[in-house]
Amino acid sequence: MRTVRAIFFAATCAMGLARDGFGADIEQRGLRTVSGGRDETMFTLRDEGERIRFKFTVRDTTPCARPEILSERELEKFDRVEIYFSPTPDLSRSYYCAEIDPYGHVLDYHVDVPGKFVFDWSFSTIAVRAERSDGGYAVEGSVAKSELRTLGVNPDRCWIGVFRADFRTEGDVAGWYSAVPFCAGEPDFHQPKMFMRIGK
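What counts as what
- Residues numbered from 1 in each chain as written.
- Predicted model: local features only at pLDDT ≥ 70, side-chain atom pairs only at ≥ 80, totals over all residues.
- Heavy atoms only, no water.
- Helix = DSSP H or I, 4+ residues; strand = E, 2+ residues; numbered from the N terminus.
- Buried < 20%, exposed > 50% of the residue type's maximum accessible area, 1.4 Å probe, protein only.
- Contact = heavy atoms within 4.5 Å.
- Areas by Shrake-Rupley, 256 points an atom, 1.4 Å probe, with all protein chains shown as cover.
- Salt bridge = Lys/Arg side-chain N within 4 Å of Asp/Glu carboxyl O.
- Phe/Tyr/Trp six-rings, centres within 6.5 Å; stacked < 30°, edge-to-face > 60°.
- Lys NZ or Arg CZ within 6 Å of the ring centre and 35° of its normal.
- Core = buried A, V, L, I, M, F, W, Y, C linked by side-chain atoms within 4.5 Å.
- pLDDT = per-residue confidence, 0-100.
- Pairing = 2+ DSSP bridges.

Draft legend 1. Focus on the overall build of the protein. Within the protein, the regular secondary structure consists of one helix and twelve strands. Along the protein, helices and strands appear, N-terminal first, in the series β-β-β-β-β-β-β-β-β-α-β-β-β. Per-residue burial for the protein yields a buried fraction of 52% across its 200 residues. Considering only contacts in the protein between residues 6 or more positions apart, those separated by 24 or more positions represent 62%. Carbon and sulfur atoms make up 49% of the accessible area of the protein, which totals about 9400 Å².

Okay, structure coming up:
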């Protein structure tokens, strides 16, 4: 069993992204529901030179998460946000995923072709921090560009998936949300049409 990780930034500033010295936005958008309506989640991706930083600000009136978990796979039953990095638009090569809960626990893995999930793998440079409030939570994270390049992902031009899972109670899904609109029914975020390009 892998060690459960909550990996935090050593930072003295607030969670807010709008501050001096922070890089320019690459992407900023709200997430959408199955029906195409807007969720109140905001996602921001920024280039900080040596790192790619992302932030989710989530409004959630039905919080469902645990401050302590025994294994990373437990996150699959609770509230979380998700970001995937792919080197290709058709997911024909391995792509790399991080799912993060409101306490900063990380479930990371890569997906091989065809659709093989490899959970005994971790980002070596990921850093996250999370904050909770009465109205929801915020998750901020970053990954080194050098690691993405080592994995075959060009951080200046790649494809990302951006998602949120909302649970009422443990294992009881209230809704799924995506930066890319999707059809009704059980969502499958691991398909090319759910990814969007960033960079040139």
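Draft legend 2. The arrangement of the pattern of salt bridges in detail. Taken as a whole, this structure holds 14 salt bridges when the rule is applied. With a shortest N-O distance of 2.9 Å, Asp-47 and Lys-145 are connected by a salt bridge. Here the residue Asp-47 occupies a position in strand β2 (residues 38-47), and Lys-145 occupies one in helix α1 (residues 145-150), the gap between them amounting to 98 residues. Between Glu-76 and Arg-73 there is a salt bridge whose closest N-O contact spans 2.8 Å. We classify Glu-76 as partly exposed; its relative accessible area is 32%. Judged by its relative accessible area of 41%, Arg-73 falls in the partly exposed class. Several salt bridges share partner residues, and in doing so they unite Arg-66, Glu-74, Lys-77 and Glu-170 into one network.

Draft legend 3. Just the packing of aromatic side chains, in detail. Counted by the stated rule, this structure contains 15 aromatic pairs. Ring pairs connect the aromatic residues Tyr-84, Tyr-95, Phe-163, Phe-167, Trp-176, Phe-189 and Phe-195, which therefore count as one cluster. Positioned over the ring face of Phe-119 is Arg-73, at 3.8 Å from the centre of the ring.

Draft legend 4. Examining unusual backbone geometry more closely. The backbone of Leu-91 shows a phi angle near 60°, a positive value even though the residue is not glycine. If you trace the backbone, Leu-91 turns up in the loop between β4 (80-86) and β5 (95-100).

Draft legend 5. Spatial organisation of the environment of Phe-189. As for its placement among the helices and strands, Phe-189 is situated in the loop between β11 (172-178) and β12 (196-199). As for Phe-189 and Phe-163, which are separated by 26 residues in sequence, their C-alpha atoms are 7.9 Å apart. Look past the residues within four positions of Phe-189 in its chain and what remains in contact with it is Glu-82, Tyr-84, Phe-163, Trp-176, Tyr-177, Ser-178, Phe-182, Met-194 and Phe-195.

Draft legend 6. Layout of the nonpolar core. If you look at the biggest cluster of nonpolar residues, it comprises 54 residues, and the most contacted ones within it are Phe-43, Phe-85, Phe-123 and Ile-160. Broken down by element, the residue count for this core peaks at seven residues, all from strand β10 (residues 157-169).

Draft legend 7. Just the confidence of the model for the protein, in detail. A residue-level look at the protein finds 78% of positions with pLDDT of 70 or above and a mean pLDDT of 82. Within the protein, strand β1 (residues 25-32) has the poorest average pLDDT of any element, 64, and α1 the best, 98.

Draft legend 8. Layout of the environment of Asp-120. Assignment of secondary structure puts Asp-120 in the loop between β7 (116-118) and β8 (127-133). When its relative accessible area of 65% is taken as the criterion, Asp-120 is described as exposed. Considered as a pair, Asp-120 and Tyr-109 are eleven residues apart in the sequence and their alpha carbons are 7.0 Å apart.

Draft legend 9. Fine view of the pairing of β11. Inspection of the sheet shows β10 paired to β11 by six bridges, in the antiparallel sense. Bridging from a neighbouring strand, Ala-165 pairs with Trp-176 of β11. The hairpin turn running from β10 into β11, its antiparallel successor, is two residues long, and Gly-171 in that turn takes a positive phi close to 80°.

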